[in-house]
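Here is what each chain is made of, one letter per residue.
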Amino acid sequence: MTYRSIKGTKDILPSETPLWQFAEQTIRDVFRQFNYKEIRTPVFETTSLFARSIGELTDIVGKEMYTFQDRSGDSITLRPEGTASALRAYIQNNLGESLPLTKVYYIGPMFRQERPQAGRLRQFHQFGAEAIGSPTAETDVEIIAMTLEIYKRLGITSYTLQINSVGDEECRPRYKEVLRTELLKIADKLSAESQKRISQNPMRVLDSKDENDKALTAGMPLITEYLNDECKAHFERVKGLLTAYGIPFTVNGRLVRGLDYYTKTAFEITSTELGSQDALAGGGRYDLLVKELGGKQTPGVGFAAGMERLMMILEKKGFQPPAQRPAVFLAAADEQSRDWVLKTTMELRSSGIAAECDLLSRSLKSQMKEADRQQAQFALVVGAMELETGTAVLKNLTDHSQQQIPLGTVAQFFTR
Ligand code: HAM
């Protein structure tokens, strides 16, 4: 029997990891420059943490979570997203006590049992950030600007930023009632999925992917028309700041997002370079969530973005990260020199030099081929004669120049 990876999961192969590492480094650089610090939380948590925060009626909680009972009978879930875990850790560790604003970021695997397709996996990776403790529109815009800065750094410009305000606990229920009344008038014409949503989650009907639903709901009232003064002022300030910072955006009054914890600002970044799964990143404000999870009333805002979708665009653009290659390949010209080559390779590595040698007892010719295959920058060929004279030829494998080098100075040559 041969084993294969589970449907919807993917190996990230050695030929692909340089691009991942390059992108991750850029992402970490941007987070550091915006003063967000890394948080690493477990990949599994108590099921109710996600049910409570993301919302019982969402697709994620309703049908996509990897939930199981562990051997003690506790219900455990592989994290479908990072916000709930970050807030759980924030509350549990009193992170807000010493700092009025806690800025954290994460990069790691998330799990959702969705139907796999291009850009949609069951184990995928997100990078994201949360600013916990600030109610200001400035913080929303910092999060948005930081997300876009990451794409800019990686040379990606083909995206659209859509924003909306989904109101708060005071104005949203009023809007939902208005929308529900309107939707009930056309309920029998809507898709089965949308009909189900009318009673409990009517705003999701506006987000339906069904073309007929879209046409039927085209003229429906939008939440932006029902915002109370506070939400309206906040939304105006967000738009004003985006404009002042020169960040283009479109207001999409139908944007609701697939998680229920948002209040006020919600946003999504989409790209036409992706297929039907066109969301690169999404986020928004969640002013009630810390309290909902048992903490003190604390506002917050954040975002998360898909790594695989970012990779798809970078690969499409033919982006070539710097390859991982040895600085020097030490080749043994004869059997007697193998021990010296091995020992010197180890010593060079200890001095911080990427060095490689042959471990398969191959001929000199095969060793030189391997040095080329590994794209080593230099090859040092050492045999009995070189060991006796104490000098050897160092070949530059890029420009094919050669030089004699004393064996005792190899390390200095590469560390100078
Ligand atoms: P989300 O919109 O569910 O938001 O996910 C964010 C991003 O993760 C998506 O835009 C997409 O790029 C990627 N993504 C989601 N599901 C998959 C999948 N099955 N396969 C590949 N990529 C996927 C959140 O997760 C929120 N926690 C964002 C947030 C943070 N809001 C506030 N703070």
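As the structure is a prediction and not an experimental result, all values here were calculated from the model.

Conventions adopted
- Residues numbered from 1 in each chain as written.
- Predicted model: local features only at pLDDT ≥ 70, side-chain atom pairs only at ≥ 80, totals over all residues.
- Heavy atoms only, no water.
- Pairing = 2+ DSSP bridges.
- Helix = DSSP H or I, 4+ residues; strand = E, 2+ residues; numbered from the N terminus.
- Contact = heavy atoms within 4.5 Å.
- Axes fitted to C-alpha atoms, helices over the stretch in contact; angles between N-to-C directions.
- Phe/Tyr/Trp six-rings, centres within 6.5 Å; stacked < 30°, edge-to-face > 60°.
- Near = heavy atom within 4 Å.
- Polar contact = N/O pair within 3.5 Å; in protein donor to acceptor, adjacent residues only side chain to side chain.
- Areas by Shrake-Rupley, 256 points an atom, 1.4 Å probe, with all protein chains shown as cover.
- Nonpolar A, V, L, I, M, F, W, Y, C, P; charged D, E, K, R; others polar.
- Domains from an automatic or database assignment.
- 1 Å grid on protein atoms, 1.4 Å probe; cavity = no way out; pocket = protein on both sides within 12 Å on 5 of 7 lines; lining within 4 Å.
- Points joined across faces, edges and corners; volume = space filled by probe spheres on them.
- Buried < 20%, exposed > 50% of the residue type's maximum accessible area, 1.4 Å probe, protein only.
- Arc of directions from axis to C-beta.
- Core = buried A, V, L, I, M, F, W, Y, C linked by side-chain atoms within 4.5 Å.
- Expected span 1.5 Å × (residues − 1).

A closer look at the sheet that holds strand β10 (residues 279-285)
Pairing is mixed across the open sheet formed by 8 strands, whose spatial order is β1-β5-β6-β11-β10-β9-β7-β8. Both outer strands of the open sheet, β1 (37-38) and β8 (250-251), are each paired with one neighbouring strand and no more. Here strand β7 (residues 159-165) pairs with strand β9 (residues 265-271) via 7 bridges, running antiparallel. By the bridge assignment, L161 is partnered in β9 with I269. Against the sheet, helix α4 (residues 83-92) makes contact with β5 (102-111) and β6 (123-132), and its axis sits at roughly 45 degrees relative to β6, the strand it touches most. Docked against the sheet, helix α10 (residues 229-244) engages β7, β8, β9 and β10, running at close to 160 degrees with respect to β7.

Points about the packing of aromatic side chains
Each aromatic ring pair is summarised here by two numbers: the centre-to-centre distance and the angle between the ring planes. The full count for this structure, using the stated rule, is 12 aromatic pairs. Linked through ring pairs, F31, Y105, F127, Y151, Y159 and F303 together constitute an aromatic cluster.

As for the site of the ligand
Within the structure, the ligand sits among 27 residues, and E81, E114, L121, R257 and Y262 are positioned closest to it. Contact distances for the ligand include 2.8 Å between a nitrogen atom and a backbone N or O atom of L121. Here an oxygen atom of the ligand and a backbone polar atom of A281 are 3.5 Å apart. Coverage of the ligand by the protein chains reaches 96% of its 660 Å² of free accessible surface. Elements with a minimum of two residues in the shell around the ligand: β6, β10 and β11 (300-306). Sorting elements by how many residues they give to the shell around the ligand places β10 first, with 6 residues. Partitioned by chemical class, the residues of the shell around the ligand number 12 nonpolar, 8 polar and 7 charged.

Some details on the pairing of strand β16 (residues 402-406)
Two elements, strand β15 (residues 391-396) and β16, share 5 bridges in a ladder whose sense is antiparallel. When the sheet's bridge partners are listed, L394 is paired in β16 with Q403. The hairpin turn running from β15 into β16, its antiparallel successor, is 5 residues long, and H400 in that turn takes a positive phi close to 60 degrees.

Description of the domain arrangement of the chain
Domain boundaries in the chain define domain 1 (17-170 + 228-316) and domain 2 (328-415). A separation of 49 Å is found between the C-alpha centroids of domain 1 and domain 2.

Digging into the layout of surface pockets
Considering only enclosed or pocket space, the second largest pocket measures out at about 450 Å³ in volume. Lining the second largest pocket are 23 residues; nearest its centre among them are R172, K176, D260, Y261 and Y262. Elements with a contribution of two residues or more to the lining of the second largest pocket: α2 (47-54), α7 (172-185) and α11 (289-292). Considered class by class, the residues forming the lining of the second largest pocket number 10 nonpolar, 4 polar and 9 charged.

Examining empty space enclosed by the protein
Summed over the entire model, instances satisfying the criterion amount to 1 cavity of 30 Å³ or more. As a volume, the largest cavity reaches approximately 40 Å³. Surrounding the largest cavity, I39, T41, R79, G82, S85, A86, Y106 and M110 form its lining. Only α4 and β5 provide two or more residues apiece to the lining of the largest cavity. Tallied by class, residues from the lining of the largest cavity come to 4 nonpolar, 3 polar and 1 charged.

Notes on helix α14 (residues 364-373)
For α14, the set of buried residues is Q367, M368, E370 and A371. Across the axial projection of α14, the buried residues extend over an arc of 155 degrees, all falling on one side. For α14, exposure combined with an orientation more than 90 degrees from the buried face picks out K365, K369 and R373. Along its buried surface, α14 packs onto β12 (328-332), α13 (338-350), β14 (378-382) and β15. Positioned one or two residues after α14, Q375 has a phi angle of 55 degrees, which is positive.

As for the sheet that holds β15
Spatial strand order, β13-β12-β14-β15-β16: 5 strands in an open sheet with mixed pairing. Looking along the sheet, the strands with just one partner apiece sit at the ends: β13 (355-357) and β16. Geometrically, the sheet is characterised by an average inter-axis angle of 30 degrees between neighbouring strands, direction not taken into account. Where α14 meets the sheet, its contacts fall on β12, β14 and β15, and the angle it forms with β12 comes to roughly 175 degrees.

With respect to the environment of F413
Relative to the helices and strands, F413 is located in helix α16 (residues 410-415). For F413, a relative accessible area of 12% corresponds to the buried category. Taking the C-alpha atoms as reference, F413 lies 39 Å from I156; in sequence the two are 257 residues apart. F413 has contacts with F378, L394, Q403 and I405, leaving out every residue within four places of it along the chain.

Section: the nonpolar core
Counting 79 residues, the largest nonpolar core has F31, F127, I143, L161, F303 and L310 as its most contacted members. A per-element tally of this core places helix α6 (residues 137-153) first, with 9 residues. In terms of nonpolar packing, the next biggest core, distinct from the first, is built from 19 residues, C357, F378, L380 and L407 among them.

Observations regarding α7
Taking 1.5 Å as the rise per residue, α7 with 14 residues should run 20 Å; its terminal C-alpha atoms sit 20 Å apart, in good agreement. Residues of α7 that are buried: R172, Y175, L179, R180 and L183. End-on, the buried residues of α7 take up no more than an arc of 135 degrees, which puts them together on one face. Looking at α7, the residues exposed on the side facing more than 90 degrees away from the buried face are L184 and K185. Packing partners of the buried residues in α7 comprise α8 (192-200).

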